[in-house]
Amino acid sequence: MDNNPEMNPIFDFVVVGSGFGGSVSAMRLAEKGYSVLVLERGKRYKDDELPKTSWELRKYLWMPALRCFGILQMSLSKGYFIYHSSGVGGGSLVYSAVLMEPNDDFYQSAEWNFQKDWKKELRPHFDRARHMLGVVENPRLWPADEALQEVAARLGFEDTFRPTEVGIYFGEPGVETPDPYFNGKGPARGVCEHCGNCIVACRFNSKNSLDKNYLYFAERSGVRILPEANVDAVY
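I will try to describe carefully the structure that is included in this document. Small disclaimer: the values here were computed from a predicted structure and weren't measured.

Things to note about the overall build of the protein
- Scanning the protein for helices and strands turns up six helices and nine strands.
- Expressed as lengths along the three principal axes of its C-alpha atoms, the size of the protein is roughly 65 × 45 × 45 Å.
- Taking all 235 residues of the protein together, the buried fraction comes to 36%.
- Counting only contacts in the protein whose residues sit at least 6 apart along the sequence, the fraction spanning at least 24 positions is 59%.
- Taken as two groups, the 27 positive and 31 negative side-chain charges of the protein have centres that lie 4 Å from each other.

Let's talk about a nonpolar patch on the surface
- Together, M63, L66, M74, L76, F81 and Y83 make up an exposed nonpolar region whose accessible area comes to about 630 Å².
- Along the chain, the position of M63 falls in strand β3 (residues 62-63).
- Here M63 falls in the partly exposed class, since its relative accessible area comes to 31%.

Digging into the environment of E111
- Looking at where E111 falls in the secondary structure, it is placed in the loop between α3 (104-107) and α4 (118-133).
- Taking the C-alpha atoms as reference, E111 lies 36 Å from A147; in sequence the two are 36 residues apart.
- Within the structure, the side chain of E111 is placed 2.3 Å from the side chain of S109, a separation counted as a polar contact.

A few points about the environment of E56
- Its location among the elements puts E56 in the loop between β2 (36-39) and α2 (57-60).
- Once the C-alpha coordinates of E56 and G70 are considered, the two residues, 14 residues apart in sequence, prove to be 8.9 Å apart.
- Engagement of the side chain of E56 in a polar contact is seen with the backbone nitrogen of K52, the distance being 2.7 Å.

Some thoughts on the packing of aromatic side chains
- Under the criterion given, the structure shown has nine aromatic pairs.
- With a centroid separation of 5.6 Å and an interplanar angle of 80°, the aromatic rings of W62 and F69 are classed as edge-to-face.
- Under the relative-accessibility criterion, F69 is labelled partly exposed at 22%.
- Aromatic pair Y181 and F182: ring centres 6.1 Å apart, planes at 55°, arrangement tilted.
- Owing to a relative accessible area of 18%, Y181 belongs among the buried residues under this scheme.
- A residue is classified by how much of its surface remains accessible, and F182, at 9% relative accessible area, is buried.
- In this structure an aromatic cluster arises from ring pairing among Y169, Y181, F182, Y216 and F217.
- Its guanidinium or amino end placed over the ring of W118, K116 lies 5.4 Å from that ring's centre, counting from NZ or CZ.

Criteria and thresholds
Residues numbered from 1 in each chain as written. Predicted model: local features only at pLDDT ≥ 70, side-chain atom pairs only at ≥ 80, totals over all residues. Heavy atoms only, no water. Helix = DSSP H or I, 4+ residues; strand = E, 2+ residues; numbered from the N terminus. Buried < 20%, exposed > 50% of the residue type's maximum accessible area, 1.4 Å probe, protein only. Contact = heavy atoms within 4.5 Å. Lys, Arg positive; Asp, Glu negative; His and termini not counted. Charge placed at Lys NZ, Arg CZ, Asp CG, Glu CD. Patch = residues over 30% accessible without salt bridge, like charges linked within 9 Å, V, L, I, M, F, W, Y side chains within 5 Å. Areas by Shrake-Rupley, 256 points an atom, 1.4 Å probe, with all protein chains shown as cover. Salt bridge = Lys/Arg side-chain N within 4 Å of Asp/Glu carboxyl O. Polar contact = N/O pair within 3.5 Å; in protein donor to acceptor, adjacent residues only side chain to side chain. Phe/Tyr/Trp six-rings, centres within 6.5 Å; stacked < 30°, edge-to-face > 60°. Lys NZ or Arg CZ within 6 Å of the ring centre and 35° of its normal.

Set out below in C-alpha cells:
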C-alpha cells in the first residue's frame, strides 16, 4: 500500500472496518473537522450487485481460500459459528434490520443501576441512532407472526407480543422516494418488497444499511473509504 500514490496523504484518523462502529466513528470525526480514512477489506456493492440468495456463494460468502469474496463470513470458535461480514457497510449488509432497545430489566440490573440513571443517560443517543437508521415498526404480520401471537395468548403472555422495530423504508409500493429521512440531503430510497431477503442482502434500496446514512454522510463530509483493503496489523 505504501507504493500506491493515492495513499500518500496523511489522515488524522484511520478507521478499520466500515460496519456500525466504524461508520459512526468516521462520520462523527469528519463532522468535527478531522480528515478520516476508512479501510474495508470487502468490496463496495451497488444494490443490484448484491446476492439474490445465499446460494450465490461468490457474492454471499467470504472465503478467500475458495475465491469467494462475498459479504458474509462464518468463523468457528469454541464450537460456535460467529457470523460477521465484509463489504462497505459491514454487518448492516447482512443483518435483518431489527433494532430493539433494552427493556427496563436491563437498566435495573444490579451490575450498573447504582452508577447513574442509564436509561435517561442513553435516551438521546438512542433517539439519534433511531433517526439515522430510520427505525419504524414493521407494518405487516405474516402467518408465522400470527401463530406466535396465538401461542402467546394461550400462555397468558399476549401483552408481550408486538411487531419488531426495524430500519427499513416502507413507502408507496413500486415508487422510488426522494430522501425521506434527512430533509432531502440523503439518497433516494426504494420501498420494501416484503421478500424476507434482508438477512441475505437487500437489492431494493429499502433496508437502511450504513451506506444509506452514516457512510453516505461521512463521504459527503470528506471521509475517504478504501474498499478491498485488508488490514493485517496495526503498528
